[in-house]
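Each chain is listed here by its residues.
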Amino acid sequence: MNFKKYSTISIILSIILLSDIAKVNSREDNFYRIYFTSPWNKGVSRNNPETAIINLISQTKRSFFGAFYDISSKKIAYALQKAHARGVKVKLVVERDNYNKKGMGIIKKAGIPVVKDNKSGYMHNKFAIADKRILWTGSYNLTDNGSYKNNNNAIMILSSDLSNIYLNEFDEMFRYKIFGNKKEKKVFSGLTKKYYVKIGNTNINAYFSPEDSIENIIIKRLKKAKESIHFMVFSFTSDKIGEEMIHQHRKGVKVYGLMEKRGAKSKYSEYIKMKIEGIPVKLDRNRYIMHHKVIVIDKKRVITGSFNFSKNANKKNDENVLIIDNSNISGEYLKEFYRLYRK
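Throughout what follows, the structure given in this document is the object of discussion.

Rules used in this analysis
Residues numbered from 1 in each chain as written. Predicted model: local features only at pLDDT ≥ 70, side-chain atom pairs only at ≥ 80, totals over all residues. Heavy atoms only, no water. Core = buried A, V, L, I, M, F, W, Y, C linked by side-chain atoms within 4.5 Å. Buried < 20%, exposed > 50% of the residue type's maximum accessible area, 1.4 Å probe, protein only. Contact = heavy atoms within 4.5 Å. Helix = DSSP H or I, 4+ residues; strand = E, 2+ residues; numbered from the N terminus. Pairing = 2+ DSSP bridges.

1. Remarks on the nonpolar core
Core analysis: the largest hydrophobic core is formed by 41 residues, its most contacted members being Ile157, Leu162 and Leu322. Those residues in contact with Ile157, other than ones at most four positions away along the chain, are Phe31, Tyr32, Arg133, Ile134, Leu135, Leu162, Ile199, Ile204, Leu322 and Ile324. One finds Ala52, Ile53, Trp136 and Leu158 within the second-largest nonpolar core, a separate group that totals 32 residues.

In structure tokens, the structure reads:
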């Protein structure tokens, strides 16, 4: 392990994460930071992603590029406005249905360039790249509901290589106005496109829909499960992912699930099928929305991002996922799973 490199990472993250310096410095894996909302505590938490992303924006020196389904939080809009005013290059991509929301008015008035999608599918991403070396992603939309009412997660990772993968996806949307891309346009792109980075002993893969067929990638990871699968998801209508989880359950892999209650009992949802199979899947008890899109496999591999388990997410929407092989990171998502599962 390159301790000099990790020391630099710790210092940078400590500067960014002003609210939790001691905790960051105590981590062995100190290249990341994870955030969860706390709706039952009226959203008040030092671990809230809203506070974290505002800190990130305020510490950004050169560039902040973000692709978010919804940016309606005035607090975050003002943070972006201030960053732009002090000379940070701010560029944004948003879903066209949310282009005229309240936060966007502040952003557009400041002169920040914003591109909206041009396809019928959603631009459903929730990611940002700060200074071309810090990646932010997860289920968290930049909204008041996303911050204080809904259950959400976000992860921040310091990696120039991983940031560059996301920068290429951002440029595809912002610069070239390509949305809902079914396949890469460049010659030999399938051979040259980068999906994988390694940070210390942690393997990370990044994928985007529709071009990468995320549904099949998730199924391949589920097939490798040996002991357990835990998932929490807002929308679960993918028959293929549902069938693979049922198959693993029948093989003896322990499968536990938490699903958003809205729409869970419709004919398209996987909830009833899983209940019939005896899988201990529960409906969340948040009066608002359980918005996570997370799978933890064998307590050491986590899949997270913007991707709901649905046909539209796989075929139509612009989405992103990270697959991270790290037991400590997986442990934090498992802790969130059981915090909600046991309520």
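2. What about the pairing of strand β15 (residues 319–325)?
Where burial is concerned, most of β15 is hidden: 6 out of the 7 residues are buried. Sheet analysis places strand β9 (residues 202–209) next to β15, joined by 7 bridges and oriented antiparallel. Of the residues in β15, the one forming a bridge with Tyr207 is Val321. Taken together, the 5 bridges between strand β14 (residues 301–305) and β15 define a ladder with antiparallel strand orientation. Counted as the bridge partner of Gly305 is Val321 from β15.

3. Quick word on unusual backbone geometry
In this model, Ser209 is joined to Pro210 through a cis peptide bond whose omega is 5°. For Pro210, the position within the fold is in the loop between β9 and α9 (214–223). In this model, Asp298 sits at a positive phi of 55°, which is unusual for a non-glycine residue. Relative accessible area serves as the criterion here: at 13%, Asp298 is assigned to the buried category. Positive phi outside glycine occurs at Lys299, with the angle close to 60°. Topologically, Lys299 is positioned in the loop between β13 (293–297) and β14.

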